[in-house]
Amino acid sequence: MGAAPLHQNSTVAGFSSTTERRQATLLCTELRGLARMSEALEPRLVLALANEFFSFAAALVTAQGGEAVTSQHEMLLSAFTRGNPSQASQQAVRAAQRIQADFPALAEKWRLDYGLRTAAAQGLHLGEVVIGMAGLPGMERRVAFGDSVSLAQCMLNRARAGEFVMSDAVMGALSVENLDLDAEPLPQLDLPRRSPIRIYGVLMEGRLDFT
């Protein structure tokens, strides 16, 4: 079962702060490239760039009706729970599309300013999660628990730099007539003790894989 902490004060307007179990489309967004350069960069710069990335991605998630989540290292977890599964999945995919389209401009700025080579990779899964507050006494944060979080991270792990990968649960929930999506089937995902999962990717013509 996976869990990822949210910002301590991250409850977005329109979202309940209570503990609840519900269907959500989960979007994992990861910054590729910064970790391997972190030892060569000034520590404050590493954190400043990470924060810039999280703010960039969170703003696009929020604009599509999602709730942004901060997780460990370079990954942001976001939950889309508004509307039915089709609506939530469309919101999540639109957010992923915006991140995919807009991040290269930020990556190019970082390349020119700092010599960094970075990209955003993403993974999406639709399933049940428990959302609420948890953590050490006095340090409780908004969290998302559930096997669905782990599966969203598995989708992320299959995504190459600059691309995003969706599970069959997300693809099946989408209303394609309302969404311009160029996704193609990928080799199924085989995980221990569960049936193979069909997955789909929104790929790039020139693939980057430098992590």
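Just above sits the structure.
Note that the structure is a prediction, hence the values are computed from the model and not measured. (Residues numbered from 1 in each chain as written. Predicted model: local features only at pLDDT ≥ 70, side-chain atom pairs only at ≥ 80, totals over all residues. Heavy atoms only, no water.)

## Notes on the overall build of the protein chain
Where we set the bar: A run of H or I in DSSP counts as a helix once it spans at least four residues, and a run of E counts as a strand once it spans at least two, with each numbered from the N terminus. Summary of the burial criterion: residues with accessible area below 20% of their type's maximum are buried, those above 50% are exposed, and those between are partly exposed, where the area comes from a 1.4 Å probe applied to protein chains only. We call two residues in contact when some of their heavy atoms are within 4.5 Å.
Helices and strands together make up the secondary structure of the protein chain, namely five helices and nine strands. Starting at the N terminus and walking to the C terminus, you meet the elements of the protein chain as β-β-α-α-β-β-α-β-β-α-β-α-β-β. Counting only residues that meet the buried cut, the protein chain has 48% of its 211 residues in that class. Restricting to contacts in the protein chain with at least 6 residues of sequence separation, those with at least 24 account for 73%.

## Some details on unusual backbone geometry
Unlike most non-glycine residues, Arg193 shows phi in positive territory, near 60°. Mapped onto the elements, Arg193 comes out in the loop between strand 8 (184-189) and strand 9 (197-202).

## Digging into the side chain of Glu163
The test is simple: Any pair of N or O atoms that falls within 3.5 Å is considered a polar contact. Within protein, one atom must be able to donate a hydrogen and the other to accept it, and sequence-neighbouring residues count only if both atoms are side-chain atoms.
Relative to the helices and strands, Glu163 resides in the loop between helix 4 (147-158) and strand 7 (164-167). Of the polar contacts made by the side chain of Glu163, one reaches the backbone nitrogen of Met204; its length is 3.2 Å.

## Quick look at the nonpolar core
The condition is simple: Throughout, nonpolar core names a set of buried Ala, Val, Leu, Ile, Met, Phe, Trp, Tyr and Cys residues whose side chains join them through atoms within 4.5 Å.
Formed by 41 residues in total, the largest nonpolar core has its most connected members in Val93, Phe103, Leu124 and Met166. Those elements giving two or more residues to this core turn out to be strand 2 (20-32), helix 2 (43-63), strand 4 (75-80), helix 3 (85-114), strand 5 (119-134), strand 7, helix 5 (168-173) and strand 9. When near neighbours in sequence (up to four residues on either side) are disregarded, Met166 contacts Val93, Leu124, Met155, Met171, Leu174, Leu181, Ala183, Arg198, Ile199, Tyr200 and Val202.

## As for the packing of aromatic side chains
In this description, an aromatic ring pair is defined by two values, namely the gap between the centres and the angle between the planes. Definition in use: Any two rings among Phe, Tyr and Trp, with Trp reduced to its six-membered ring, count as a pair given centres within 6.5 Å; such a pair is stacked if its planes are under 30 degrees apart, edge-to-face if over 60, and tilted if neither.
Throughout the structure, instances matching the rule amount to four aromatic pairs. When the ring of Phe56 is compared with that of Phe103, the centres are 5.8 Å apart and the planes differ by 55°; the resulting orientation is tilted. Of this pair, Phe56 sits in helix 2 while Phe103 sits in helix 3, placing them 47 residues apart in sequence. Given the relative accessible area of 18%, Phe56 is considered buried. Residue Phe103 is classed as buried on the basis of its relative accessible area of 3%. Through a chain of ring-to-ring contacts, the aromatic side chains of Phe53, Phe54, Phe56, Phe103 and Trp110 assemble into a single cluster.

## Quick notes on the packing of helix 2 against helix 3
The following threshold applies: Only C-alpha atoms enter the line fits that serve as axes; for helices the fit covers just the stretch in contact. Angles between N-to-C directions range over 0 to 180 degrees. When an angle is under 35 degrees it counts as roughly parallel; over 145 it counts as roughly antiparallel; between 65 and 115 it counts as roughly perpendicular; any other value is oblique. Throughout, a crossing is termed right-handed when the near helix is turned clockwise from the far one, and left-handed when it is turned anticlockwise from it by less than a right angle. For this classification, Asp, Glu, Lys and Arg are treated as charged, while Ala, Val, Leu, Ile, Met, Phe, Trp, Tyr, Cys and Pro are nonpolar and the rest, including Gly, are polar.
At a minimum axis distance of 10 Å, the contact between helix 2 and helix 3 shows a crossing angle of 155°. One finds that helix 2 runs roughly antiparallel with respect to helix 3. Seen along the crossing, helix 2 lies across helix 3 with a hand that is right-handed. Contact residues: helix 2 offers Leu45, Leu49, Glu52, Phe53, Phe56, Ala57, Leu60 and Val61, while helix 3 offers Ala95, Arg98, Ile99, Asp102, Phe103, Leu106, Trp110 and Tyr114. Tallied by class, the residues present in the contact of helix 2 with helix 3 amount to 13 nonpolar, no polar and three charged.

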